[in-house]
Amino acid sequence: MKMIRKKILVLTLCSVLFLFAACNSGEKDNTSETKKSDESYKFGVVLMTLNSEYWKIQMAGAKDAAEELGVEVSFLGPPEETQFEQQVKMVEDHIATGADALIVAASQPDAMVSVLKNAHTKKIPVVIADADVNFDDKVTFIGTENYDAAKLGGEYLDELLNAGDKVAIIRGQSGSKLHDERTKGFQDVLKDKNIEFIVQDAQSDRVKAVNIMENILTSNPDIKAVFATSDEMALGAYTALENKKATDIHLIGFDGTPDGLQAVQEGKMLANVAQNPYQIGYQSVQSAYKAKKGEEVEKRIDSGVLVITKDNVEEEIKKVNGYLNNMP
Amino acid sequence: MRKWSLKTALNKFGPLFGLLGLSGILAVLSPSFLQMDNLMNIARQSSINALLALGMLLPILTAGIDLSVGSILAVSIVVAGLVSVTWGMPPLIGLIVCLAVGAIAGLINGLLLTKLRLPHPFISTLGTMNVFRGLALILTGASPIFGFSYLMNYAGQESIGLIPISFILVLIVYVIFHIFLTRSSTGRYIYAIGGNKEAARLSGIPVDRVLIIVYTLSGFMAALGGLILIGRTNSASPIAGLTYELDAIAAVIIGGASFLGGVGTVWGTLIGVLIIAVLRNGLNLLGTTSDLQTIVIGAVIVLAVYVDVLRRKKGSK
């Protein structure tokens, strides 16, 4: 009996130590590449998640800026974009490790306000990235004007639709502000056409989008176009169009991820409203640096969008691959 | 004699040693870990899961489970938001309504299990998990409610000196539950039902009534956790609490409770909660990605259950 107990204890300690060794070495890899300078700042970044290409491109931008400026950046983000309370914890933990500035992309902006106020009372500058937070003391907000961007997507479709046509919108998590803005922008620009919109929530998930799109096609086979508020969902929607042999329906994506761009290249997607996550990441670190140096930073920085079609897709793909190849 | 007491100590305090060992390792790896600010962060960050896990302990003690706690949390805070923000009623009413909604949702779980005779709470609470989540989304039109008054935010936001109110609340509730489970007849019935439901029924224990109390309390605790979440995020989002049931179950199991029922303590659960919170916090301090955190927590769960299996095997010899 004593043997068993001992074995368990040894096993426990070994595995815990092993796991921490693994974590720790991983962390060293992350930071060893950034150059040190005399006054090496450490910036804490919290993103909505770290495991999709969109956020990886944003990380690439932040990393490049950090290398140029000689600062250190540490990235945290929950496994799923819906886990917004974990993001609050991550901001607290960055503050605890003594981050010199915070860069935050909040998936539920309202939930983030009080912890950011804490950061402000500790005199830590806060840069808001990607989705705006109603927090007066932020250094700046850098991101896409989602409403305007979605309008561009809608405009592109304008001449292809007739009055009274049906259009499906596959959107991300109900209640998420940026998906609300994209949905609304798209609907507003087509207002005059008296379009019947079928709006469904696929929670930014590719597989859910397949099912939802199939269901829409079953109940409304006469839809003329589909707008997805993120590329993951647009790609899922395309699979459904293919399954139902309905690829003549126009598909508009949003984000400009590598997969999304490839879909434009292959003619699966008519157009893709590409955000500029690289710029968001890059400018976030630059703005945080400027704030630390006491320099003036504009209160709102538009990272810009580009509607990608067959004409300009090659160029964009080259650019994005360049960013991703730079990631470790 | 000495050997025996060492063994009992290990048996009883295994999770505690795990927590201390973990903290020791983290203190070495990260200089910020033991700072007062960070310890208070851990206290604050663990409080929601502490309340949900304490609620979860009861169904697990009866060899059941409550998968709906995350959704109950969401529907409770959303209704509280409607009452106290959208309809502008006094915050005290919002507070009471929040807890009442949680308790009623839990009561529904208990009634489904005992009156409809649904085979296992895994199924009934899986169902209500979806129903309550959907209700929360419909009630709010899927948008978060924000702009809560001071009283509603109080428990989640304020602290006395350095110590967060939320953690003080956790300690008080844990003491109450400890007394309830060890000193009251209902508490002893809960363990008895987990040990052997049929035997408990035959010996005259009002099994259905106890189970209804168990699930009602679990729902109530989810709503109490929701009150902390309101304060922490100053908002009530219908997607709040997604997957929280998993962290709560994990904490209860890591804390030494058995899925087979009848085994588990309030303090073990608290240790389980702290182990998860310390792991998350420590790995964040080290700047590790969340994917790795998920792996580590998963591994700790497997390890904790394995220890339980060994203990059981040894016990049956």
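Residue indices begin from 1 for each chain and proceed along its sequence in written order. Both sets of labels track the order of writing: A upward for chains, 1 upward for ligands. The predicted origin of the model limits local features to residues at a pLDDT of at least 70 and limits the giving and counting of side-chain atom pairs to 80 or more, whereas totals for whole chains, interfaces and linings rest on all residues. Side-chain measures here rest on the full set of heavy atoms in the structure, leaving out hydrogens and waters.

On to the overall build of chain B. Only DSSP runs of H or I reaching four residues or more are called helices, and only runs of E reaching two or more are called strands; each is numbered from the N terminus. Scanning chain B from N- to C-terminus turns up 13 helices and 4 strands. The C-alpha atoms of chain B give 20 Å as radius of gyration, which agrees with the globular expectation for 317 residues (20 Å, within 12%). With respect to the three principal axes, the spread of C-alpha positions in chain B is 65 × 55 × 35 Å. A 1.4 Å probe rolled over the protein chains alone gives each residue an accessible area, and that area as a share of the maximum for its type sets the label: buried under 20%, exposed over 50%, partly exposed in between. When the 317 residues of chain B are sorted by exposure, 56% land in the buried category. When checking whether two residues touch, look at their non-hydrogen atoms; a contact exists if any pair is within 4.5 Å. Intrachain contacts of chain B at a sequence separation of at least 6 include 78% that bridge at least 24 residues. Throughout, the Shrake-Rupley method with a 1.4 Å probe supplies accessible areas, and for residues the shown protein chains are the sole cover considered. If you sum the accessible surface of chain B, you get close to 12,800 Å²; carbon and sulfur atoms cover 73% of it. A radius of gyration in this sense is built from C-alpha atoms; the matching globule rule multiplies 2.2 Å by the number of residues raised to 0.38.

Quick look at the sheet that holds strand S6 (residues 166-171) of chain A now. All names here are of chain A. On the basis of which strands lie adjacent, the open sheet formed by 6 strands has the order S7-S6-S8-S9-S10-S12 and mixed pairing. This sheet does not close on itself; its edge strands, each paired only once, are strand S7 (196-201) and strand S12 (306-308). Along the sheet, successive strands turn relative to each other by an average axial angle of 20 degrees, direction set aside. For two strands to be treated as a pair, DSSP must find no fewer than two bridges joining them. Note: S6 against strand S8 (residues 225-228), 4 bridges, orientation parallel. Looking at the pairing, isoleucine 170 lines up with alanine 228 of S8. Only the contacting stretch of a helix is used when fitting its axis, a line to C-alpha atoms as for every element, and angles between N-to-C directions run 0 to 180 degrees. The sheet contacts of helix H8 (residues 231-243) involve S6, S8, strand S9 (250-255) and strand S10 (271-274), and relative to S9 the element is tilted by about 155 degrees.

All names here are of chain A. In space, the 6 strands of this open sheet follow the order S2-S1-S3-S4-S5-S11, with parallel pairing throughout. The two strands at the open ends of the sheet, each matched to only one other strand, are strand S2 (72-76) and strand S11 (300-302). Direction aside, neighbouring strands of the sheet carry axes that sit 20 degrees apart on average. Pairing of strand S4 (residues 126-129) with strand S5 (residues 140-143), which is carried by 3 bridges, proceeds in the parallel orientation.

This part is about the environment of A:Tyr323. All names here are of chain A. Relative to the helices and strands, tyrosine 323 resides in helix H11 (residues 313-325). Among the residues examined, tyrosine 323 registers a relative accessible area of 17% and is labelled buried. Along the primary structure tyrosine 323 and alanine 168 are separated by 155 residues, whereas in three dimensions their C-alpha atoms are 32 Å apart. With sequence-adjacent residues up to four places away left out, tyrosine 323 is seen in contact with Ile57, Ala60 and Tyr278.

Packing of helix H3 (residues 84-96) of chain A against helix H2 (residues 36-61) of chain B brings their axes to within 10 Å, and their N-to-C directions diverge by 175 degrees. Comparing their axes, H2(B) and H3(A) come out roughly antiparallel. Of H2(B), the residues touching H3(A) (which contributes A:Glu85, A:Lys89, A:Glu92, A:Asp93 and A:Ala96) are B:Asn38, B:Asn41, B:Arg44, B:Gln45 and B:Ile48. Taken together, the residues that form the contact of H3(A) with H2(B) break down as 2 nonpolar, 3 polar and 5 charged. Note that the term roughly parallel is reserved for angles under 35 degrees, roughly antiparallel for angles over 145, roughly perpendicular for angles of 65 to 115, and oblique for everything else. Each residue gets one label: Ala, Val, Leu, Ile, Met, Phe, Trp, Tyr, Cys and Pro are nonpolar, Asp, Glu, Lys and Arg are charged, and the others, such as Gly, are polar.

To estimate the expected span of a helix, subtract one from its residue number and multiply by 1.5 Å. In this model, H11(A) (13 residues) spans 18 Å end to end at C-alpha, consistent with the 18 Å of a helix rising 1.5 Å per residue. Contacts made by the buried residues of H11(A) are with helix H2 (53-69), helix H9 (258-265), S10, helix H10 (277-292) and S12 of chain A.

Below, the discussion takes up the packing of aromatic side chains. Residues and elements named next belong to chain A. Ring pairs are drawn from Phe, Tyr and Trp, using the six-membered ring of Trp, whenever the two centres fall within 6.5 Å, and their geometry is named by plane angle: stacked under 30 degrees, edge-to-face over 60, tilted for the rest. All chains considered together, the criterion is met by 11 aromatic pairs over all chains. Ring geometry for tyrosine 41 versus tyrosine 289: centroids 6.0 Å apart, planes at 75 degrees, classification edge-to-face. Linking tyrosine 41 in the loop between helix H1 (2-32) and strand S1 (42-46) with tyrosine 289 in helix H10, this pair joins segments that are 248 residues apart in sequence. Assigned by exposure class, tyrosine 41 and tyrosine 289 land together as buried. What links up through ring pairs into an aromatic cluster is the set Phe186, Phe197, Phe227 and Phe254.

Per-residue confidence from the predictor is reported as pLDDT, a score between 0 and 100. For chain A, per-residue confidence averages 86 on the pLDDT scale, and residues scoring 70 or more make up 87% of the total. Low pLDDT, under 50, characterises residues 21-38 of chain A; the stretch is placed with 21 contacts to residues that sit more than four places away or in other chains.

By size, the foremost hydrophobic cluster in this structure holds 94 residues, and its most contacted members are B:Leu54, B:Met56, B:Leu57, B:Leu73, B:Ile77, B:Tyr174 and B:Ile275. It is helix H10 (residues 207-233) of chain B that contributes the most residues to this core, 13 residues altogether. Among residues more than four places away in sequence, those in contact with B:Ile77 are B:Cys98, B:Phe148, B:Gly226, B:Leu227, B:Leu229, B:Ile230, B:Ala236, B:Ser237 and B:Ala240. Here, nonpolar core means buried Ala, Val, Leu, Ile, Met, Phe, Trp, Tyr and Cys residues that are tied together by side-chain atoms lying within 4.5 Å of each other. By size, the runner-up hydrophobic cluster in this structure holds 67 residues, among which are A:Phe43, A:Tyr289, A:Ile301 and A:Ile317.

Quick look at the side chain of A:Thr183 now. Residue and element names in this part refer to chain A. Topologically, threonine 183 is positioned in helix H6 (residues 177-189). Taking the relative accessible area as the measure of exposure, threonine 183 reaches 5% and is therefore buried. Excluding its chain neighbours within four sequence positions, the residues that come into contact with threonine 183 are Ile169, Arg171, Val199 and Thr229.

What follows is about the pairing of S4(A). Residue and element names in this part refer to chain A. Judged by which residues are buried, S4 turns out to be covered on both faces: Val126 and Ile128 on one side and Val127 and Ala129 on the other are all buried. Alignment of strand S3 (residues 101-104) against S4, held across 3 bridges, turns out to be parallel. Paired with isoleucine 103 across the bridge in S4 is valine 127.

To continue, consider the pattern of salt bridges. Take a side-chain nitrogen of Lys or Arg and a carboxyl oxygen of Asp or Glu: if they are within 4 Å of each other, that pair is a salt bridge. One pass over the full model with this rule turns up 18 salt bridges over all chains. The salt bridge partner of B:Arg232 is A:Glu85, with a shortest N-O separation of 3.5 Å. With B:Arg232 in helix H10 and A:Glu85 in helix H3, the pair connects residues from two separate chains. The residues B:Arg232 and A:Glu85 share a single accessibility class, namely buried. With a closest N to O distance of 3.4 Å, A:Lys166 and A:Asp222 form a salt bridge. Of this pair, A:Lys166 sits in strand S6 while A:Asp222 sits in the loop between helix H7 (206-219) and S8, placing them 56 residues apart in sequence. When its relative accessible area of 39% is taken as the criterion, A:Asp222 is described as partly exposed. When salt bridges with common partners are traced through the structure, they connect B:Arg117, B:Glu198, B:Arg201 and B:Asp208 into a single cluster.

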